[in-house]
Amino acid sequence: MPDLAHLRYIVEDSIGKHMYENAVFLADKLVTMSRGAPDDVYLLTQAFMFTRQHRRALHVLRQHRLATSSPRFTYLTAKCLAECQEWDECLATLDDTVLEHAAQEAAAEAAAAGGDGASSGG
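My aim in this report is to walk through the structure given alongside it, one point at a time. (Residues numbered from 1 in each chain as written. Predicted model: local features only at pLDDT ≥ 70, side-chain atom pairs only at ≥ 80, totals over all residues. Heavy atoms only, no water.)

### Focus: the pattern of salt bridges
Here is step 1 of the chain: For the coordinates displayed, the defined rule picks out 8 salt bridges.
Here is step 2 of the chain: Between Lys29 and Asp28 there is a salt bridge, with its nearest N and O atoms 3.7 Å apart.
Here is step 3 of the chain: Judged by its relative accessible area of 36%, Lys29 is partly exposed.
Here is step 4 of the chain: Judged by relative accessible area, Asp28 falls into the partly exposed class, the value being 32%.
Here is step 5 of the chain: Two residues, Arg72 and Asp39, come together in a salt bridge whose shortest N-O distance is 2.5 Å. Here Arg72 is found in helix α5 (residues 71-83), whereas its partner Asp39 is found in helix α3 (residues 38-50), with 33 residues between them in sequence.
Here is step 6 of the chain: On the accessibility criterion, Asp39 (47% relative accessible area) is partly exposed. (Salt bridge = Lys/Arg side-chain N within 4 Å of Asp/Glu carboxyl O. Buried < 20%, exposed > 50% of the residue type's maximum accessible area, 1.4 Å probe, protein only. Helix = DSSP H or I, 4+ residues; strand = E, 2+ residues; numbered from the N terminus.)

The structure is reproduced here in structure tokens:
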């Protein structure tokens, strides 16, 4: 059985050498063998993007519940949706992510301001 790190290297090398069909084939095996590790799903969806298989990339992202789990997956999801001309869903994906990120920043700023105010109150 091939080592997963070696298989990842081969997939990345295939993408680097513009051997996208090879990368799709091997990345699909990699995702199966790693049981959907996010980095491996990312490689597979990248390979799908390079071969213009945007709907397949979306399916994989959604199947593994990674479509908006981090900025890199959100970008891939939005890019796939844009390539499929699903403009409303693309904008909704980006809007939801931007709003979520803004809320996290506001909460972090409020927590930092609350900590600063307590230490300078005396």
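Next, the rest of the story.
### A closer look at the environment of Tyr75
Here is step 1 of the chain: Note that Tyr75 resides in helix α5.
Here is step 2 of the chain: Given a relative accessible area of 53%, Tyr75 falls into the exposed group.
Here is step 3 of the chain: Taking the C-alpha atoms as reference, Tyr75 lies 9.7 Å from Cys90; in sequence the two are 15 residues apart.

### Thoughts on the side chain of His54
Here is step 1 of the chain: Mapped onto the secondary structure, His54 falls in helix α4 (residues 54-63).
Here is step 2 of the chain: The exposure class of His54 is buried, given its relative accessible area of 8%.
Here is step 3 of the chain: When residues no more than four places from it in sequence are discounted, the contact partners of His54 are Met49, Cys80, Glu83 and Cys84. (Contact = heavy atoms within 4.5 Å.)

### Observations concerning the packing of helix α1 (residues 4-16) against α3
Here is step 1 of the chain: Two numbers describe how α1 lies on α3: the axes approach to 11 Å, and their chain directions differ by 25°. Between α1 and α3, the angle falls in the class roughly parallel. For the pair α1 and α3, the crossing hand works out as left-handed. Listed contacts from α3 to Arg8, Val11, Glu12 and Ile15 of α1 are Asp40, Leu43, Gln46 and Phe50. (Axes fitted to C-alpha atoms, helices over the stretch in contact; angles between N-to-C directions. Parallel < 35°, antiparallel > 145°, perpendicular 65-115°, else oblique. Left-handed = near helix turned anticlockwise from the far one by under 90°.)

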